[in-house]
Amino acid sequence: MADDELLFSMEEVGSLKRSSGDRTVQFGNSSSVDDDEEDFYICPITDDPVSPAKEICNYLKNIANNRQLSNSLPKNSFTYKATWKHAIEKARAMPDPWAEFHLEDVETEPCIRYRYNAITGGWAQDQVFIKMSSQPFGKGAMRECYRAKKLSNFSHSSNWKSASNYVAKRYMETVDRDVYFEDVRLQMEAKLWGEEYNRHKPPKQVDIMQMCVVEMTSRPGKPFYHLEHYIEGQYIKYNSNSGFVRDDNIRLTPQAFSHFTFERSGHQLIVVDIQGVGDLYTDPQIHTEKGTDFGDGNLGVRGMALFFHSHLCNKICKSMGLTPFDMSPAENTQLDCTNKLLQSAKTMLRGCEEQCGSPRVRTTSLSRMPPILSRLSETSLADENISDVDSIPCSPLSLGLSADRSPRVWSFMNDMSETDTDQKFSENGGDSGYPSERRSEGDLGEHNDRLTEEKWSFFHSSRAHIHRPSCVAVEVERLNSLFLERKIGKSILGKVHLAMVRYHEAGRFCEKDAPWDQDSAMYHLERAAMCGELEAIVALGQCYLQLPHHILPEIELEDSVENRKKGFNLLLQAAEAGDRPSMMLVARAFDTGNSLPPDRTQDWKEAVCWYDCVLNMTDYDEGGEFDGMQDEPRYLLLAREAEMYQQGGFSLDADPQRAGDLFTEAADAAMEAMKGRLANQYYMKAEEAWSAMEE
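Rules and cut-offs
- Residues numbered from 1 in each chain as written.
- Predicted model: local features only at pLDDT ≥ 70, side-chain atom pairs only at ≥ 80, totals over all residues.
- Heavy atoms only, no water.
- Helix = DSSP H or I, 4+ residues; strand = E, 2+ residues; numbered from the N terminus.
- Contact = heavy atoms within 4.5 Å.
- Areas by Shrake-Rupley, 256 points an atom, 1.4 Å probe, with all protein chains shown as cover.
- Core = buried A, V, L, I, M, F, W, Y, C linked by side-chain atoms within 4.5 Å.
- Buried < 20%, exposed > 50% of the residue type's maximum accessible area, 1.4 Å probe, protein only.
- Salt bridge = Lys/Arg side-chain N within 4 Å of Asp/Glu carboxyl O.
- Polar contact = N/O pair within 3.5 Å; in protein donor to acceptor, adjacent residues only side chain to side chain.
- Expected span 1.5 Å × (residues − 1).
- Pairing = 2+ DSSP bridges.
- pLDDT = per-residue confidence, 0-100.
- Axes fitted to C-alpha atoms, helices over the stretch in contact; angles between N-to-C directions.
- Left-handed = near helix turned anticlockwise from the far one by under 90°.
- Nonpolar A, V, L, I, M, F, W, Y, C, P; charged D, E, K, R; others polar.

A few points about the overall build of the chain
- The secondary structure content of the chain amounts to 23 helices and 13 strands.
- When contacts within the chain are restricted to residue pairs at least 6 apart in sequence, those whose partners lie at least 24 apart make up 70%.
- About 30,400 Å² of surface is accessible on the chain, with carbon and sulfur atoms providing 50% of the total.

Some words on the nonpolar core
- Core analysis: the largest hydrophobic core is formed by 39 residues, its most contacted members being Val586, Phe590, Trp610, Tyr611 and Tyr682.
- Discounting residues that sit within four places of it in the chain, Trp610 has contacts with Leu572, Ala575, Glu576, Met583, Val586, Ala587 and Phe590.

Quick look at the pattern of salt bridges
- One pass over the full model with this rule turns up 26 salt bridges.
- Here Asp273 makes a salt bridge to Lys237, at a shortest N to O gap of 2.4 Å. Here the residue Asp273 occupies a position in the loop between strand E10 (269-272) and strand E11 (275-277), and Lys237 occupies one in strand E9 (residues 236-237), the gap between them amounting to 36 residues.
- Among the residues examined, Asp273 registers a relative accessible area of 13% and is labelled buried.
- Accessibility expressed as a relative area gives 28% for Lys237, which makes it partly exposed.
- By sharing partners, the salt bridges in this structure join Arg588, Asp591, Glu632, Arg640 and Glu643 into a single network.

A word on the side chain of Gln275
- Residue placement: Gln275 occurs in strand E11.
- Taking relative accessible area as the criterion, Gln275 reaches 8% and is therefore assigned buried.
- Within polar-contact distance, the side chain of Gln275 engages the side chain of Tyr235 at 2.8 Å.
- If we ignore the near neighbours within four places in the chain, the residues touching Gln275 are Tyr235, Ile236, Lys237, Tyr238, Leu280, Tyr281, Thr282 and Asp283.

Comments concerning helix H18 (residues 561-576)
- Under the 1.5 Å per step criterion, the end-to-end length of H18 is 23 Å for 16 residues, consistent within 8% with the ideal 22 Å.
- If you check which residues of H18 are buried, you get Asn563, Gly567, Phe568, Leu570, Leu571, Leu572, Ala574 and Ala575.
- One or two positions beyond H18, positive phi appears at Gly578, with a value near 100 degrees.

Some remarks on the sheet that holds strand E12 (residues 280-281)
- With mixed pairing, four strands are arranged side by side in an open sheet as E6-E12-E11-E9. Strands with a single pairing partner mark the edges of an open sheet, and in this sheet they are strand E6 (207-208) and E9.
- Bridge count for E11 against E12 is two bridges, and the pairing is antiparallel. Paired with Gly276 across the strands is Tyr281, a residue of E12.

Some details on helix H16 (residues 518-530)
- Relative to the 18 Å expected for 13 residues at 1.5 Å per residue, H16 spans 18 Å between its end C-alpha atoms, a close match to the ideal helical length.
- Buried within H16 we find Ser520, Ala521, Met522, Tyr523, His524, Leu525, Arg527, Ala528 and Ala529.

Some remarks on the confidence of the model for the chain
- Scored by pLDDT, the chain has a mean of 76; 68% of the residues are at 70 or more.
- Confidence over residues 67-75 falls short of pLDDT 50; this stretch has 14 contacts with residues more than four positions distant or in other chains.
- Low pLDDT, under 50, characterises residues 363-369; the predicted model gives this stretch 32 contacts beyond four residues in sequence or across chains.

Some words on the packing of helix H17 (residues 534-544) against H18
- Across the interface, H17 lies against H18 with an axial gap of 7 Å and an inter-helix angle of 150 degrees. Note on packing geometry: the crossing formed by H17 with H18 is left-handed. Where H17 approaches H18, its residues Leu534, Ile537, Val538, Leu540, Gly541, Gln542 and Tyr544 are matched on the opposing element by Asn563, Arg564, Lys566, Gly567, Leu570, Leu571, Gln573 and Ala574.
- Partitioned by chemical class, the residues of the contact of H17 with H18 number eight nonpolar, five polar and two charged.

Below is the structure:
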């Protein structure tokens, strides 16, 4: 057993929960909702060198050490029971940090509690009783916080002095009631990613606070509040949903965790806005590809771009096999100061970290998966190769946990002697020490194994959630294995690089009134094109060919033979992907010879093929009405093809019959577009073509 993993049985933990009066040493449950299960945690270390919490943790470590020295030590042995009893006594002796506010004297209010199960996507509700202060003790940008106490469902008394401390939060501005539920869903699904991160054995494990919604049924309007445990310690915001990274208290774990979620989700999401006490986080934000879930804080691929612009991979990222996001030389230079700060962090790698894409970290693939992952897999499942099945994780029971072990498994996160920051635990509020692997009460024998496997299937049920590195080189290799129609626009990484282009162009990454970094913008535009992002391919091709382009219009590249070759090949790639304007540019190039690179020649046969591709596309707008306002109306293209067949040349044989037919089609199309005079001209040209055939 590793020195940072303390394993305790359900009997032991239940005993502590009952004996401690549900007030002090508290243990965390998983992301699922069990009937009467509370969310319990170990309090972080305080500045007091003889903190009861620290002594309790030491006693818990002694239990593990005793068990490590003698695996055959019976649970009813004197040493074992005495150590556990001593830990309970320390727990009961811990003072209430809110004793001075006398919340026990506040009126008791009944409320309905709503809890979310991120595994099943379902909600559970029950009635609880809380006492809440009338005045807020803190405010944020959108919410204000109130002190509260709640009686535990395990408590058989009404001793409010021993009730757990909670923080109740509400929005200061009126919001839709669904917002409260969406916030809980976000936090509980982010908690799943914390549990998956912990399965890869990082130096320090993380946990995300349990949060629920309570409806104050006795108050006018039955207002909603968010309710979560109050945790003592220094609250720190490590990164934000818009690229902020704290640099005066450098941490490795929060940034590595965010990076991990991006790669482990197959680029489909990233968990950011990491904040909390130690490595117990609360109020995170999830950016998804589409940016439609999880409220206004979900910035989609733009939020992912903001994270990576300020992220420099640290030694945890490297130890877990996470790859650096491609950055320009100028951007890497800006991150040099961050690199110096990273050297001051005192995280000790253990050497047992699992690679992010390691097939050894497995969970059974079952038919049911969490709703968010089911939704996210809709667009990416078809992109995977059959070989990816080797990476699908299986049951956590294969990690070495005994199959006949019926007690509940509790894994405490970190060795109390190590730190992930340049400050000691006593300075930053300490290690959260929260469990990452849990099982429900009553899960014994076969039922235990079945339910455990079901809970740990939370994102491995779909091959869409296979580790994908953050670097373009590996992404290009993946895309090259796909068919063309599945290659274009199928890379979220390409969309992130395109978002970086737009941020540079908008001046987001430079000082006010300073020139924006055109070289870096072009760097990311090239990466986006390499990843098959159609908009980037078109813009880069036009830029190389000295044509007007709507992305980075201020940038002009050198007019060289090499650039013209690159530009034409890019537009040809876009045309093959179905981009109508690119088809027209390629067709015109083969038709007139203009914009053709030196390695290609004028070719009317090729031009006709591309004109036909354009003609086979719809000429109707979104409302289903005929669109006669296209830059290249149908009748003009048909007439041009007719002229080429009438004249012949440049690898195209003259065909008067075909020319006459095309002029007739052009005339009909002109009539449909209300161009009667032009239609008459085409009819006359058709007669001329057919007469030439008779001659």
